[in-house]
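Listed here are the chains, written in short residue letters.
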Amino acid sequence: AHRRPAGDSDGGVAERTAHHAVALALLADGDARAAWRRHQLALNGLPAGPVLSAGVPEQPTPARLHAQLYLGLAEMAADGPGAARERLERVLPGADASDEVALEAHTWTAAGRGYAVLLMDLASPFLQRAGVDRFARHLLEHGQLLDHAAAEEDSAARAAQLLRRARALLEQHRLPWSDGDVASLHGSLGSAAGRAGEAREAVASLELAAELLRRGSIGD
């Protein structure tokens, strides 16, 4: 659960939730700028986070980070990925690693996979600090998202690169993943490698995935 900012009453939480809900409805209706204004109203009602030292960005509370991510979503729809990235790159350096939950809550949004991919990119430094297992799973999720985001070869090549990093962490640290999770990794790598034109790696990865799935069905 999100920590409640100091001085944040039940009424304040309800009002902020209403602003965000109306904004999402406006966004779904195609009015991204009106949605932005509603999200900004929610942000305006929150106290600023602490500034730890001069020249260091504000450390946003979870509620402020949540509102900033919503604003990025509206800016993505209104002005494209550049505007959303500019906002998020201003906000995220001050965020605490514990705010990864708030980041991930926004990776599946009405803005589509473009905003999700952007957030996955920007979430990587935070999740890298959350431990090897969590970061490897993030790389798997990021790679799968990129693989499904578009049919372009460059997107698939980047997905394959991320999935190879996940595989390397899995093997180097002997992470305790289930056969199903490992099969998902190899299957996703096979798909991405195939899209990227790496036929040999695609076949090898898909065969490994199939073997793991067969082993799991025999065990059942």
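To start, this report covers the structure provided alongside it. Keep in mind that this is a model prediction, so the values were computed, not measured.

1. Let's talk about the overall build of the protein chain
Moving on, step 1. Counting secondary structure elements, the protein chain contains ten helices and zero strands.
Moving on, step 2. When the elements of the protein chain are put in sequence order from the N terminus, they spell out α-α-α-α-α-α-α-α-α-α.
Moving on, step 3. A burial count over the protein chain gives 43% of its 220 residues as buried.
Moving on, step 4. A separation of at least 24 residues holds for 60% of the contacts in the protein chain among residues at least 6 apart in sequence.
Moving on, step 5. Looking at the protein chain as shown, the accessible area adds up to about 11,200 Å², and 53% of this sits on carbon and sulfur atoms.

2. What to know about helix H2 (residues 32-44)
Residue pairs three or four apart in sequence face the same way in an α-helix, which turns once every 3.6 residues.
Moving on, step 1. The end-to-end C-alpha separation of H2 is 18 Å, in line with the 18 Å expected for 13 residues at 1.5 Å each.
Moving on, step 2. Taken residue by residue, H2 has Ala32, Ala34, Ala35, His39, Gln40, Ala42 and Leu43 as its buried positions.

3. Topic: the packing of helix H6 (residues 113-128) against helix H7 (residues 132-149)
Moving on, step 1. In contact at an axis separation of 10 Å, H6 and H7 are set at 160° when each is read in the N-to-C sense. Relative to H7, the element H6 is oriented roughly antiparallel. Where H6 crosses over H7, the handedness of that crossing is left-handed. Listed contacts from H7 to Arg113, Ala116, Val117, Met120, Asp121, Ala123, Ser124, Leu127 and Gln128 of H6 are Arg134, Phe135, His138, Glu141, His142, Leu145, Leu146, His148 and Ala149.
Moving on, step 2. Considering only residue class, the contact of H6 with H7 consists of nine nonpolar, five polar and four charged.

4. Concerning the pattern of salt bridges
Moving on, step 1. Following the criterion strictly, the structure yields 14 salt bridges and no others.
Moving on, step 2. With its nearest N and O atoms 3.0 Å apart, the salt bridge here joins Arg195 to Asp147. With Arg195 in helix H9 (residues 179-195) and Asp147 in helix H7, this residue pair connects regions lying 48 residues apart in the sequence.
Moving on, step 3. A residue is classified by how much of its surface remains accessible, and Arg195, at 37% relative accessible area, is partly exposed.
Moving on, step 4. Take Asp147: its relative accessible area is 3%, and that puts it in the buried class.
Moving on, step 5. Across the pair Glu201 and Arg167 runs a salt bridge, and its minimum N-O distance is 3.8 Å. Taken together, the residues Glu201 in helix H10 (residues 199-219) and Arg167 in helix H8 (residues 153-172) connect sequence positions 34 residues apart.
Moving on, step 6. Residue classification places Glu201 among the buried residues on the basis of a relative accessible area of 19%.
Moving on, step 7. On the basis of relative accessibility, which here comes to 23%, the residue Arg167 falls in the partly exposed class.

5. Focus on the nonpolar core
Moving on, step 1. Grouped together as the largest cluster of nonpolar side chains are 46 residues, with contacts concentrated most on Leu69, Leu88, Leu92, Leu103, Tyr115, Trp177 and Leu185.
Moving on, step 2. For this core, the elements supplying multiple residues, two or more each, are helix H1 (10-28), H2, helix H3 (62-79), helix H4 (81-91), H6, H7, H8 and H9.
Moving on, step 3. The leading source of residues in this core is H6, at ten residues.

6. Regarding unusual backbone geometry
Moving on, step 1. For Arg174, which is not a glycine, the phi torsion comes out positive at approximately 50°.
Moving on, step 2. Residue position: Arg174 is located in the loop between H8 and H9.

7. Quick word on the environment of Arg165
Moving on, step 1. Position of Arg165 among the secondary structure elements: in helix H8.
Moving on, step 2. The partly exposed category is assigned to Arg165, whose relative accessible area is 40%.
Moving on, step 3. Put simply, Arg165 and Leu139 are 26 residues apart on the chain and 7.2 Å apart in space, counted from C-alpha to C-alpha.

Criteria and thresholds
Residues numbered from 1 in each chain as written. Predicted model: local features only at pLDDT ≥ 70, side-chain atom pairs only at ≥ 80, totals over all residues. Heavy atoms only, no water. Helix = DSSP H or I, 4+ residues; strand = E, 2+ residues; numbered from the N terminus. Buried < 20%, exposed > 50% of the residue type's maximum accessible area, 1.4 Å probe, protein only. Contact = heavy atoms within 4.5 Å. Areas by Shrake-Rupley, 256 points an atom, 1.4 Å probe, with all protein chains shown as cover. Expected span 1.5 Å × (residues − 1). Axes fitted to C-alpha atoms, helices over the stretch in contact; angles between N-to-C directions. Parallel < 35°, antiparallel > 145°, perpendicular 65-115°, else oblique. Left-handed = near helix turned anticlockwise from the far one by under 90°. Nonpolar A, V, L, I, M, F, W, Y, C, P; charged D, E, K, R; others polar. Salt bridge = Lys/Arg side-chain N within 4 Å of Asp/Glu carboxyl O. Core = buried A, V, L, I, M, F, W, Y, C linked by side-chain atoms within 4.5 Å.

Honestly, that's just the spatial picture; any functional story needs more than this.
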